[in-house]
Amino acid sequence: MNIERCSVRINRNAYGFNFITINTANLISAFKDLSNKGFPLYLFLVPNQNGYYKTFFADEAKTRCGFTDEELEAATAELIEKRYLVENGSTYEFYEVPLTERTEEKERKLTALDF
């Protein structure tokens with residue numbers, strides 16, 4: 001897995017506001033679900049708006065999260081394992097809540113509506 005520089009597509013729940021927000025229950029759930037390395041990376045990614053493509057720079061993430069190379073690798077692996085980050089071709093999709101079969105089906109239905 002090459003995480004030095006890759007594209008990450010942000011998938012957020014729609015709230016109808018034009019500023020950063022997160023559902024408190026989702027934040028608490030992620031805090032309980034993720035380790036002390038995975039959660040800072042989650043916080044690094046979650047402020048982006050839904051549908052935004054963020055160029056992921058490992059050095060930026062390491063600086064903002066206080067990670068070493070190994071810690072960033074472990075945090076990324078945790079988010080992938082728990083399906084907050086899901087590989088999609090040449091990019092990764094970030095999910096505010098872990099992707100499940102139910103959300104995958106919902107995504108397929110929404111994509112089918114795209115023209």
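About the thresholds
Residues numbered from 1 in each chain as written. Predicted model: local features only at pLDDT ≥ 70, side-chain atom pairs only at ≥ 80, totals over all residues. Heavy atoms only, no water. Salt bridge = Lys/Arg side-chain N within 4 Å of Asp/Glu carboxyl O. Helix = DSSP H or I, 4+ residues; strand = E, 2+ residues; numbered from the N terminus. Buried < 20%, exposed > 50% of the residue type's maximum accessible area, 1.4 Å probe, protein only. Phe/Tyr/Trp six-rings, centres within 6.5 Å; stacked < 30°, edge-to-face > 60°.

*Asks:* Please clarify how the pattern of salt bridges should be interpreted in this entry.
*Replies:* Opposite charge on two side chains makes pairing possible when the charged atoms of those side chains draw close. Overall, the coordinates contain 8 salt bridges when judged by the stated rule. Linking Glu 93 and Arg 9 is a salt bridge whose minimum nitrogen-to-oxygen distance equals 3.5 Å. Here Glu 93 is found in strand S4 (residues 91–95), whereas its partner Arg 9 is found in strand S1 (residues 5–11), with 84 residues between them in sequence. The exposure class assigned to Arg 9 is partly exposed, which follows from its relative accessible area of 23%. Ionic pairing is found between Lys 62 and Asp 59, a salt bridge with its closest N-O pair at 3.3 Å. Here the residue Lys 62 and the residue Asp 59 both occupy positions in helix H3 (residues 58–65), the gap between them amounting to 3 residues, near one helical turn. It is possible to trace a salt-bridge network through shared partners that takes in Asp 33, Glu 78 and Lys 82.

*Asks:* Looking at this structure, how should I read the packing of aromatic side chains?
*Replies:* The relative placement of two aromatic rings is captured by the distance of their centres and the angle of their planes. According to the stated counting rule, one finds 5 aromatic pairs in the structure shown. Taken together, a centroid distance of 5.2 Å and an interplanar angle of 80° make the contact between Phe 31 and Phe 39 edge-to-face. Classification of Phe 39 as buried rests on a relative accessible area of 14%. Between Tyr 42 and Phe 94, the aromatic rings sit 5.6 Å apart at their centres with planes inclined by 55°, giving tilted as the arrangement. One end of the pair, Tyr 42, is in helix H2 (residues 38–45); the other, Phe 94, is in strand S4, and 52 residues separate them in sequence. We note that Tyr 42, like Phe 94, is buried. Linked through ring pairs, Phe 31, Phe 39, Tyr 42, Tyr 84 and Phe 94 together constitute an aromatic cluster.

Remember, this is a structural readout, not a statement about activity or role.
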